[in-house]
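Per-entry structural report
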Amino acid sequence: MSQAVNTYEGWFVYHDFRKIDWNKWKSINPSKREQMIQELLDTIQEWSTVEDNRKGSFGQYAILGHKADLLFVHLRPTIDELNEVKLQFDKLDIADVTSTPYSFTSVVELSSYTIPPGTDPFSDPAFRERLEPILPKTQYVCFYPMNKRRLGEDNWYMLSVEERRKMMKSHGMIGRSYAGRVRQIITGAIGFDDWEWGVSLFSDDPLTFKKLVTEMRFDEVSARFGEFGPFYVGCRLTSDGLTSLLSDNIK
Ligand code: VOV
């Protein structure tokens with residue numbers, strides 16, 4: 001049996017993708033719609049305050065393409081709190097005009113591949129900040145789930161720690177060459193969801209997502225072992241942005 005990697009876990013994460021039933025939304029009278037938007041904004045305001053006390057983080061995005069319209073990302077210390085925010089949304093009036101085409105439940109994860117043996121990562125405040133991250137306030141987000149392949153010779157879980165460490169080192173070096181242009185939050189989902197990891201990338205230039213993901217595809221760990229789910233790309237929404245997404249051009 002090959003040796004399992006040691007992982008460190010931080011905040012739990014809920015990626016809540018929502019699709020709006022525009023026909024239903026437009027059929028609601030304007031003053032009721034306004035009231036529903038206000039109720040949503042009040043809830044979002046409450047969700048956002050977790051960042052002030054470092055009790056979690058929250059982000060909202062408009063998603064491109066047919067797969068979803070909105071993405072709410074919640075980070076919280078416990079999975080119970082994630083359940084609460086999920087139910088809180090579902091009880092809002094506006095929830096009746098939305099559906100959930102996709103969601104992802106996971107936990108911020110760092111693995112020990114690149115940590116020198118014998119070091120106590122928790123003594124490093126920067127390490128804790130990586131486990132309990134405030135979502136970067138960049139203009140764009142990219143999210144996708146992924147697995148490490150278990151197929152014949154290409155079985156990640158049968159490799160030795162040393163082989164895996166070598167590949168993760170190369171992976172990390174490519175990632176670091178994008179420092180300042182993109183930030184990643186890797187979340188582990190084994191036991192929680194249908195894929196093994198969620199990859200959340202943040203940047204002010206959407207092309208950086210394409211460049212980084214392409215470069216990683218040519219690196220051994222992704223080329224041989226990476227299996228990828230659906231990709232989502234979105235633009236960060238302020239409260240005003242969310243209000244105009246729901247209100248502009250609606251007759
Ligand atoms: C934006 C840059 C970037 C940087 C700097 C970076 C660095 C690192 C380091 C140093 C480490 C290992 C230690 C740790 O931190 O866990 C990781 C770990 C991981 N990564 Fe990564 N990654 C990036 C980016 C980055 C991307 C774009 C992807 C998707 C891959 C692709 O082909 O689409 C990814 C995936 C992962 C995963 C799934 C893991 C966990 C693997 C496991 O088996 O445990 N990652 N990653």
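The rules behind each value
- Residues numbered from 1 in each chain as written.
- Predicted model: local features only at pLDDT ≥ 70, side-chain atom pairs only at ≥ 80, totals over all residues.
- Heavy atoms only, no water.
- Near = heavy atom within 4 Å.
- Helix = DSSP H or I, 4+ residues; strand = E, 2+ residues; numbered from the N terminus.
- Nonpolar A, V, L, I, M, F, W, Y, C, P; charged D, E, K, R; others polar.
- UniProt positions renumbered as here; feature names shortened; annotations may be inferred.
- Buried < 20%, exposed > 50% of the residue type's maximum accessible area, 1.4 Å probe, protein only.
- Contact = heavy atoms within 4.5 Å.
- Axes fitted to C-alpha atoms, helices over the stretch in contact; angles between N-to-C directions.
- Parallel < 35°, antiparallel > 145°, perpendicular 65-115°, else oblique.
- Left-handed = near helix turned anticlockwise from the far one by under 90°.
- Donors = N, O, S within 2.8 Å, 3.2 Å for Na, K, Ca; no water.
- Salt bridge = Lys/Arg side-chain N within 4 Å of Asp/Glu carboxyl O.
- Expected span 1.5 Å × (residues − 1).
- Arc of directions from axis to C-beta.

Before going further, it helps to examine the site of the ligand. Around the ligand, the structure places 25 residues, and the nearest of them are Ser111, Tyr144, Lys148, His171 and Ser222. Of all the elements in the fold, those that place two or more residues in the shell around the ligand are strand E4 (98-111), strand E5 (140-148), helix H5 (161-176), strand E8 (183-188), strand E9 (197-203) and helix H6 (206-217). In terms of residue class, the shell around the ligand is built from 15 nonpolar, seven polar and three charged.

Here we come to the UniProt feature "active site" (unreviewed entry) in the protein chain. With numbering aligned to this structure, UniProt lists the feature "active site" (unreviewed entry) at Tyr144. With respect to the element layout, Tyr144 can be found in strand E5. On the accessibility criterion, Tyr144 (6% relative accessible area) is buried. Those residues in contact with Tyr144 that lie beyond four places of it in its chain are Trp197, Gly198, Val199, Leu201, Val213, Phe228, Pro230 and Phe231.

Relative orientation of the contacting elements helix H2 (residues 30-48) and helix H8 (residues 239-247) amounts to 155 degrees, with a least axis distance of 11 Å. Classified by the interaxial angle, the pair formed by H2 and H8 is roughly antiparallel. Of the two elements, H2 crosses H8, and the hand of that crossing is right-handed. Residues Ile37, Leu40, Leu41 and Ile44 of H2 lie in contact with H8, whose contacting residues are Ser239, Leu242, Thr243, Leu246 and Ser247. By residue class, the composition of the contact of H2 with H8 is six nonpolar, three polar and no charged.

Protein coordination of the iron atom of the ligand is limited to a single donor, His171 (NE2), which sits 2.1 Å from the metal. Following the sequence through the fold, His171 ends up in helix H5.

Looking now at the pattern of salt bridges. Within this structure, the stated rule accounts for 10 salt bridges. The salt bridge partner of Arg18 is Asp90, with a shortest N-O separation of 3.2 Å. Of this pair, Arg18 sits in strand E1 (residues 7-20) while Asp90 sits in helix H3 (residues 79-90), and the two are 72 residues apart along the sequence. Here Lys137 and Glu51 are joined by a salt bridge, their closest N and O atoms 3.0 Å apart. Of the two residues, Lys137 sits in the loop between helix H4 (125-131) and E5 while Glu51 sits in the loop between H2 and strand E2 (57-63), which places them 86 residues apart along the sequence. Overall, Lys137 belongs to the partly exposed group, its relative accessible area being 42%. Residues joined by salt bridges that share partners form a network here, namely Asp16, Arg18 and Asp90.

Relative to the 16 Å expected for 12 residues at 1.5 Å per residue, H3 spans 17 Å between its end C-alpha atoms, a close match to the ideal helical length. Those residues of H3 that sit buried are Leu82, Val85 and Phe89. The buried residues of H3 occupy an angular sector of 60 degrees when projected down its axis, which confines them to one face. Facing away from the buried side of H3, by more than 90 degrees, are the exposed residues Asp80 and Glu84. On the buried face of H3, the contacting elements are E1, H2, strand E3 (70-76) and E4.

The next point concerns the UniProt feature "binding site: Fe-coproporphyrin III" (unreviewed entry) in the protein chain. In the numbering adopted here, UniProt assigns the feature "binding site: Fe-coproporphyrin III" (unreviewed entry) to Arg130, Tyr144, Pro145, Met146, Asn147, Lys148, His171, Gln184 and Ser222. Judged by maximum C-alpha separation, these annotated positions cover 93 residues in sequence and are scattered in space, the widest gap reaching 22.5 Å. For Pro145, the position within the fold is in strand E5. Owing to a relative accessible area of 0%, Pro145 belongs among the buried residues under this scheme. Not counting chain neighbours up to four residues away, the residues in contact with Pro145 comprise Tyr102, Phe104, Trp195, Trp197, Gly198, Glu227, Phe228, Gly229 and Pro230.

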